[in-house]
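Next come the chains, spelled out residue by residue.
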Amino acid sequence: MSPLDYAALTDLDLVPLAARGREGAFREILERYQRPVFSLIFRMVRDRELAEDLAQEAFVRAFNALEGFNPKYKFSSWLFKIANNLTIDHLRKRTLDTVSIDGAPDAVSADEQAGSRIAVEDSSERPDAFVENRELGGRIETAIGGLRPEYRTAVLLRHVEGYSYEEMADIMEVPLGTVKTFLHRARAELKEQLAGIHGE
Amino acid sequence: MDARHTHLSPEHIQAFLEEDLPPQEQAGVEAHVRGCSGCRDQVESWREFLAQLNGLPTVAPSAAFSRSVLDRLELEPELDAATAPSASDHPAWEVLQEWADGVLPRRLRVRVDRHVQACPSCSRESARWKELFAAVNAVPVLAPTSDFSEGVLARVRSASTRAQEAQSPQDQVVTAPAPVRGPRVAVPDWIRSLRPRSRRGWMVAGGAIAAPGVALATLAALVASHPLVSMGDLAAFLWIQTTGAVSAVASQMAGGMLESMAVFWAYTLASGVVSAPLQFAAIALAGVGITGWAAWIFHRNLTLPSLPSLVGSYARSS
């Protein structure tokens, strides 16, 4: 019996095989999507090691949820939704952690708050670290890194992954109008930042 | 009207370049751009910017990425002629044991599955392991005897007693002796069976025991506080009522009863009440107190006989 040629199968053919635990099918899914999924997460968190961990987690979660996948949806959108939610959750959690150590909330003066603040070195969020990052060190990458997470997702899904507005709305779980608003504002911010850098 | 208001907004330009406007509006913007050099420059600037965004490359993960993901998953490995285990490739007996126990990782389990199917000796060996595991799993859980818990409690009590008895003489001098609650009364079983089983039962029993005393005390308080009634009036009233009732009963009974000691003592008591009502009230209140104290002793003896502290107290007092 000749082995299955997984590369010739569509996503929807691969999903049930992978759901039954066929390594070849999941390996093919990984082959197709590891790069775009990692790419999205890496640009979101701007830390290669963390991005690999999150991307791994996204694929493992997707694999464990394969049996619940509805074939009427596009598989890649479903996978990106998992990856994006995971990444946004991580970023939000990191923001909360940062806020919680940013000085005592009940401090009544600036000096008091500064005195209770804990010094934290988080290289992934410092603007100068964006430039130091060789892979994402370009001007436009740096500007994307400065956007708020929802704007970053919108720009990356649209311009790197080439998703339509409808697919983006599905992945980001927001209305179509919100997607357009995110994208328009994100691009306007980027353009303004790049013009500012260019003008210096 | 300010000319700037007629120019295209960034949102309009973006939607125009992505052809996301209704056809009529798309045509209108196109016409405007042709006639407005400022907007034409803006559109060109946006077109270049969007092209730049579209040129962003994807970034590859490390070479070990897919292997790391696959290692975290329960996947069935693809076996072909080159990787399938041969019948002579026997697994170690520890592996076979884990396979029979169902704890082997999936990737290895699949390989052993196939080998066992193809190898009669490993098949027999694994069957023996499975029989052994089934026999061990079937060993019943053994229960202790019914008096096991009582035995443990008795040992705990006696250990507590010994610990208290082992106190040094010096300790016994400086330590205040625990209050002794009196000798333990042997209560018959039929009385124990009347013991309330719940908190509510105890409340009812306590109320029943205390009711006569409370009623008597309340009555005495009412009489003492009323401006027109004195204890003497009440005693006289009770005396009249009581003697009337006694006379009615007595007239129906033998005349010898009038000379009995009980009636003599009742008469003496009533006379005492009439002559000294306040002293009588004090004696009644004392009676209520003694009744309550007796009820408390009764309760302690019936419900808390096994507390180590009590056991210790009894042991020292005996």
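Just so it is clear, the structure is predicted and the values come from calculations on it, not from any experiment.

1. Focus: the overall build of chain B
At step 1: Along its length, chain B carries 15 helices and zero strands.
At step 2: Residues counted as buried form 8% of the 318 residues belonging to chain B.
At step 3: Across chain B, every contact between residues at least 6 apart in sequence was considered, and the portion connecting residues at least 24 apart equals 73%.

2. Observations regarding the overall build of chain A
At step 1: Broken down by element type, chain A carries 10 helices and zero strands.
At step 2: Secondary structure elements of chain A, listed N to C terminal, follow the sequence α-α-α-α-α-α-α-α-α-α.
At step 3: Across the 200 residues of chain A, 34% fall into the buried class.
At step 4: Within chain A, residue pairs in contact and separated by at least 24 positions form 57% of the contacts whose partners lie at least 6 positions apart.

3. What about helix H9 (residues 165–172) of chain A?
Residues and elements named next belong to chain A.
At step 1: Buried residues of H9: Glu167, Met168, Ile171 and Met172, and no others. Angular distribution of buried residues about the axis of H9 spans 120°; they occupy a single face of the element.
At step 2: One or two residues past the end of H9 sits Glu173, with phi positive at roughly 55°.

4. What to know about the interface of chain A and chain B
At step 1: With 29 residues of chain A at the contact, the number on the chain B side is 26 residues.
At step 2: For the side of chain A that touches chain B, the secondary-structure elements that each account for two or more residues are helix H2 (23–45), helix H3 (48–64), helix H8 (149–160) and helix H10 (176–199) of chain A.
At step 3: A total of 11 residues in the side of chain A that touches chain B trace back to one element, the largest contributor, which is H2 of chain A.
At step 4: Here the side of chain A that touches chain B is composed, by residue class, of 14 nonpolar, seven polar and eight charged.

5. Focus on unusual backbone geometry
Residue and element names in this part refer to chain A.
At step 1: The phi dihedral of Arg46 is positive, around 55°, even though this residue is not glycine.
At step 2: With respect to the helices and strands, Arg46 occurs in the loop between H2 and H3.
At step 3: Given 23 C-beta atoms within 10 Å, Arg46 falls into the buried group.
At step 4: Even without being glycine, Glu173 reaches a positive phi, approximately 55°.
At step 5: If you trace the backbone, Glu173 turns up in the loop between H9 and H10.
At step 6: Given 11 C-beta atoms within 10 Å, Glu173 falls into the exposed group.

What counts and how
- Once a new chain begins, its residue numbering starts again from 1 and follows that chain's sequence as written.
- Here every chain gets a letter starting at A, and every ligand a number starting at 1, in the order they are written.
- It should be noted that, the model being predicted, local features are given only for residues of pLDDT at least 70 and side-chain atom pairs only at 80 or more, the latter also being counted only at that level, while totals for whole chains, interfaces and linings use all residues.
- A run of DSSP states H or I qualifies as a helix once it reaches four residues; a run of E qualifies as a strand once it reaches two. Both are numbered from the N-terminal end.
- Burial in this document is a count-based property: other C-beta atoms within 10 Å of a residue's C-beta are tallied, and the residue is buried at 20 or more, exposed at 12 or fewer, or partly exposed in between, with C-beta positions derived from the backbone.
- What counts as a contact here is a pair of residues whose C-beta atoms, placed from the backbone, lie within 7 Å.
- The arc in question is traced by the directions running from the helix axis to the C-beta atoms.
- Residues are grouped as follows: Ala, Val, Leu, Ile, Met, Phe, Trp, Tyr, Cys and Pro are nonpolar; Asp, Glu, Lys and Arg are charged; all remaining types, including Gly, are polar.

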